[in-house]
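# Observations on the three-dimensional arrangement
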Amino acid sequence: MTQQNGIRGSSDPSSHSETSKAFDLANGLDHDEVQGAADCERGRGSESGDPVAIMGGAVTAPDGGWGWVVLVATILVLALTLGFPSCVGIFYTDLQNEFHASNSETSWVPSIMTSVLHAGGPFCSVLVGKLGCRATVMLGGVLSGLGMAASSFTHSITELYITAGVITGLGFCFSFQPAVTILGHYFVRRRAFANAMSSTGTALGLCTLPFLGNYLHTEFGWRGSFLILGAVLLNCCVCGAVMRPLQPKKHRGQPLMNHTPPPLEKETKQEGRLRTIWRFLVASLKEHMAFDQLRNNQHYCVFAIGITFMMLGFVVPLVYLVPYATAHSMEPSRAALLLSILGIVNIVVRPPFAIMFNMPWFKGRHIYVFASALLFNGLSNSICCIGAGFPVLLAYVVTYGLSMSVVGSLMFTVLMDIVEMRRFPSALGLLAVMESITLLIGPPLAGILVDRTKQYFYVFIACSAVVASSGLFLMLSFLWLDKKERKASKQGNLSAQPEAVKPAADASPVCEYSDLP
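Residues numbered from 1 in each chain as written. Predicted model: local features only at pLDDT ≥ 70, side-chain atom pairs only at ≥ 80, totals over all residues. Heavy atoms only, no water.

## What about the overall build of the protein?
Scanning the protein from N- to C-terminus turns up 23 helices and 0 strands. The burial tally for the protein puts 52% of its 517 residues in the buried class. Nonlocal contacts in the protein, meaning residues at least 24 apart in sequence, comprise 85% of its contacts between residues at least 6 apart. Accessible surface, the protein: about 23100 Å² in total, of which carbon and sulfur atoms supply 66%. (Helix = DSSP H or I, 4+ residues; strand = E, 2+ residues; numbered from the N terminus. Buried < 20%, exposed > 50% of the residue type's maximum accessible area, 1.4 Å probe, protein only. Contact = heavy atoms within 4.5 Å. Areas by Shrake-Rupley, 256 points an atom, 1.4 Å probe, with all protein chains shown as cover.)

## Here's the deal with the environment of Asn103
Here Asn103 lies in helix 7 (residues 103-119). Measuring from C-alpha to C-alpha, the distance between Asn103 and Leu449 comes to 8.8 Å, with 346 residues separating the pair along the chain. At 3.1 Å, the side chain of Asn103 forms a polar contact with the side chain of Gln96. (Polar contact = N/O pair within 3.5 Å; in protein donor to acceptor, adjacent residues only side chain to side chain.)

## A word on unusual backbone geometry
Unlike most non-glycine residues, Ser329 shows phi in positive territory, near 70°. Located in the positive-phi region is Lys454, a residue other than glycine, with phi close to 60°. When its relative accessible area of 64% is taken as the criterion, Lys454 is described as exposed.

## Let's talk about helix 8 (residues 121-131)
All buried positions along helix 8 are accounted for by Gly121, Cys124, Ser125 and Val128. Buried residues of helix 8 fall within an arc of 105° about the axis and therefore sit on the same side. In helix 8, the exposed positions that point more than 90 degrees away from the buried face belong to Phe123 and Lys130. Just past helix 8, the residue Gly132 takes up positive phi, approximately 95°. (Arc of directions from axis to C-beta.)

## Some remarks on the packing of aromatic side chains
Here the structure, examined in full by the defined rule, presents 12 aromatic pairs. For the ring pair Tyr396 and Phe460, a centre distance of 6.0 Å and an interplane angle of 85° mean the geometry is edge-to-face. Placement of the pair is Tyr396 in helix 21 (residues 390-418) and Phe460 in helix 23 (residues 457-496), with a sequence separation of 64 residues. Residue class for Tyr396 comes out buried when judged on its relative accessible area of 2%. An aromatic cluster is built from Phe314, Tyr324, Tyr396, Tyr400 and Phe460, whose rings are joined through pairwise contacts. Over the ring of Phe390 we find Arg334, and its NZ or CZ is 4.2 Å from the ring centre. (Phe/Tyr/Trp six-rings, centres within 6.5 Å; stacked < 30°, edge-to-face > 60°. Lys NZ or Arg CZ within 6 Å of the ring centre and 35° of its normal.)

## Topic: the nonpolar core
In this structure, Phe303, Tyr320 and Phe370 are the most contacted members of the largest nonpolar core, which totals 68 residues. Contributing elements (two or more residues each) for this core: helix 17 (298-310), helix 18 (316-327), helix 19 (332-356), helix 20 (366-380), helix 21, helix 22 (424-453) and helix 23. Of all the elements, helix 21 adds the most residues to this core, at 13 residues. What Phe370 contacts, discounting residues up to four positions off in sequence, is Phe303, Ile307, Val407, Leu410, Met411, Val414 and Leu474. Among the nonpolar cores identified, the runner-up in size contains 51 residues, and Val70, Ile75, Cys87 and Leu229 belong to it. (Core = buried A, V, L, I, M, F, W, Y, C linked by side-chain atoms within 4.5 Å.)

## Observations regarding the packing of helix 6 (residues 92-99) against helix 12 (residues 200-233)
Relative to each other, helix 6 and helix 12 sit at 40°, their axes nearing to 11 Å. In terms of axis orientation, helix 6 runs oblique to helix 12. Handedness of the crossing formed by helix 6 with helix 12: right-handed. Contacts between helix 6 and helix 12 involve Asp94, Leu95, Glu98 and Phe99 from the former and His217, Trp222 and Arg223 from the latter. (Axes fitted to C-alpha atoms, helices over the stretch in contact; angles between N-to-C directions. Parallel < 35°, antiparallel > 145°, perpendicular 65-115°, else oblique. Left-handed = near helix turned anticlockwise from the far one by under 90°.)

## Here we look at the pattern of salt bridges
In total, this model carries 1 salt bridge according to the counting rule given. Put simply, Glu98 and Arg223 hold a salt bridge, and the shortest N to O gap is 3.2 Å. Residue Glu98 is located in helix 6, and its partner Arg223 is located in helix 12; the two are separated by 125 residues in the primary sequence. (Salt bridge = Lys/Arg side-chain N within 4 Å of Asp/Glu carboxyl O.)

## So, the packing of helix 8 against helix 9 (residues 133-151)
The axes of two packed helices give the description: the angle between them and the distance between them. The interhelical angle for the contact between helix 8 and helix 9, taken along N-to-C directions, is 130°, at an axis separation of 7 Å. Of the possible angle classes, the one that applies to helix 8 and helix 9 is oblique. Within the contact between the two elements, helix 8 uses Cys124, Leu127, Val128 and Leu131 and helix 9 uses Cys133, Ala135, Thr136 and Leu139. Residue classes in the contact of helix 8 with helix 9 are distributed as 7 nonpolar, 1 polar and no charged. (Nonpolar A, V, L, I, M, F, W, Y, C, P; charged D, E, K, R; others polar.)

## Remarks on the side chain of Ser111
Position of Ser111 among the secondary structure elements: in helix 7. On the accessibility criterion, Ser111 (1% relative accessible area) is buried. Sequence-distant contacts of Ser111, defined by excluding residues within four places in its chain, comprise Leu439, Leu440, Ile441, Pro443 and Pro444.

## A short note on the environment of Leu431
Looking at the element boundaries, Leu431 is found in helix 22. Once the C-alpha coordinates of Leu431 and Met289 are considered, the two residues, 142 residues apart in sequence, prove to be 8.3 Å apart. The residues touching Leu431, leaving out its near neighbours within four places in the chain, are Tyr300, Phe303, Ala304, Ile307 and Leu415.

## Quick word on the state of the cysteines
Summed over the entire model, instances satisfying the criterion amount to 0 disulfides. The structure places no disulfide on Cys239, whose sulfur is separated from the nearest cysteine sulfur, that of Cys236, by 6.1 Å. A relative accessible area of 7% means that Cys239 is categorised as buried. Left unpaired, Cys384 is separated from the closest cysteine sulfur, that of Cys385, by 6.9 Å. (Disulfide = S-S within 2.5 Å.)

## Considering a nonpolar patch on the surface
A contiguous nonpolar patch, built from Leu274, Ile277, Trp278, Phe280 and Leu281 and spanning about 600 Å² of accessible area, is present on the exposed surface. As for its position among the elements, Trp278 is in helix 15 (residues 273-288). (Patch = residues over 30% accessible without salt bridge, like charges linked within 9 Å, V, L, I, M, F, W, Y side chains within 5 Å.)

## A few points about helix 18
An ideal rise of 1.5 Å per residue puts 16 Å on 12 residues; helix 18 measures up with 17 Å between its terminal C-alpha atoms. Where burial is concerned, most of helix 18 is hidden: 10 out of the 12 residues are buried. Those residues of helix 18 that sit buried are Val316, Pro317, Leu318, Val319, Tyr320, Leu321, Val322, Pro323, Tyr324 and Ala325. Positive phi shows up at Ser329, right after helix 18, with a value of about 70°. (Expected span 1.5 Å × (residues − 1).)

## Considering the side chain of Asn346
If you trace the backbone, Asn346 turns up in helix 19. A distance of 2.8 Å separates a polar side-chain atom of Asn346 from the backbone oxygen of Leu342. Setting aside residues no more than four positions away along its own chain, Asn346 makes contact with Ala203, Pro351, Gly401, Met404 and Ser405.

Take a look at the structure:
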């Protein structure tokens, strides 16, 4: 199955760009940018009027030059967006005291932020198709900056849900997805290196933002910190400005009406605007949501269920690590240092892991390495139950960071192995929406657990059970599916043996394929 998908992805020119976009996402960690990739190329196509150029036939990726500037800008965007939600835990206690909120109520802030960051993929795809990657990244920088600045003037926890959660999270979504997408247009031959380097952006944010947040919190309080962090997030606009598209605009003199087929205009007038909007929504859902894969592809169905359940407890420890440490009399600066160490571990080990997992030995074994890393990651959360001292939590963040790096490096690589490349963007879109639901409810459920037990370590026990069980579920399910597939393949080979004695003239040329890319 993996072999067939690889042949299809490499031999079909129309899916070559989707393959490149898929690798951008796989090494960038998180989650939906391939959705934007397809629309990004369509957006460039509507400006240039040359679909051949969009598929790479007329424009050659520089693999260097200005691409290095785009690579640095992408790293900074990922650091400012994907690494930002983890530093909200530094202000956790202040938000509770300011708004007289419980743990569950306060935990909705990073929960909504992270959930919107993932679930906003379809909206980002529409914007990229209309505006292009460059303008969408800049728009995301404006939204996230304004959202955090407005958060410093809020007077209730509900207002913070809207400003820091929805507005800032949507800005993060609009910034990081097109940023990683456009990197794939600049690098082809050196794409593995570029992707490995861009994947360190999240770890860079985990390493630096806690230090910055702790310093601002000490000097200016949480309101002043949010205002300054909003100004820092505006740097996404600067990063987006340097992400110029490779395809130049052509045929600027053509009337816009020529791009719209006349039958569509007649149909719109006859059937009414509401029916046209409904058809557009249905078409968009079919394009960005792979419901057919969920029904017909057992591997994808199992993977989607496992990942959705995993996200219920995968990011919760990052939210509650600092409150857990400070609740046991650890200085806030040392607690913030733990998150920075977690980021350093990711920066150091992700590039080697990215190179190692491209080795031939790992082909076909990605899912089992991924599931083992999930199991290891889940069990590592139980280390926090030993104690809340700095040495214990230091061992925890190092162990958690190692397994987190493997999970982040392989999550979308596994998805590429189990779906056809032409269906990868829509399969990823549906997966992102599914996991955004558990990302939304995970931290609040943990907050309810803390409110009732008055102990933080129960959160880490629950996360350990959730993540480890999802790893076991994926491992056992894929072992069963692969055994079932091998058995069916063996039976198929036995039944096909009489056909092998037919003359070569009877063989259909359609069945031939080439291993060359």
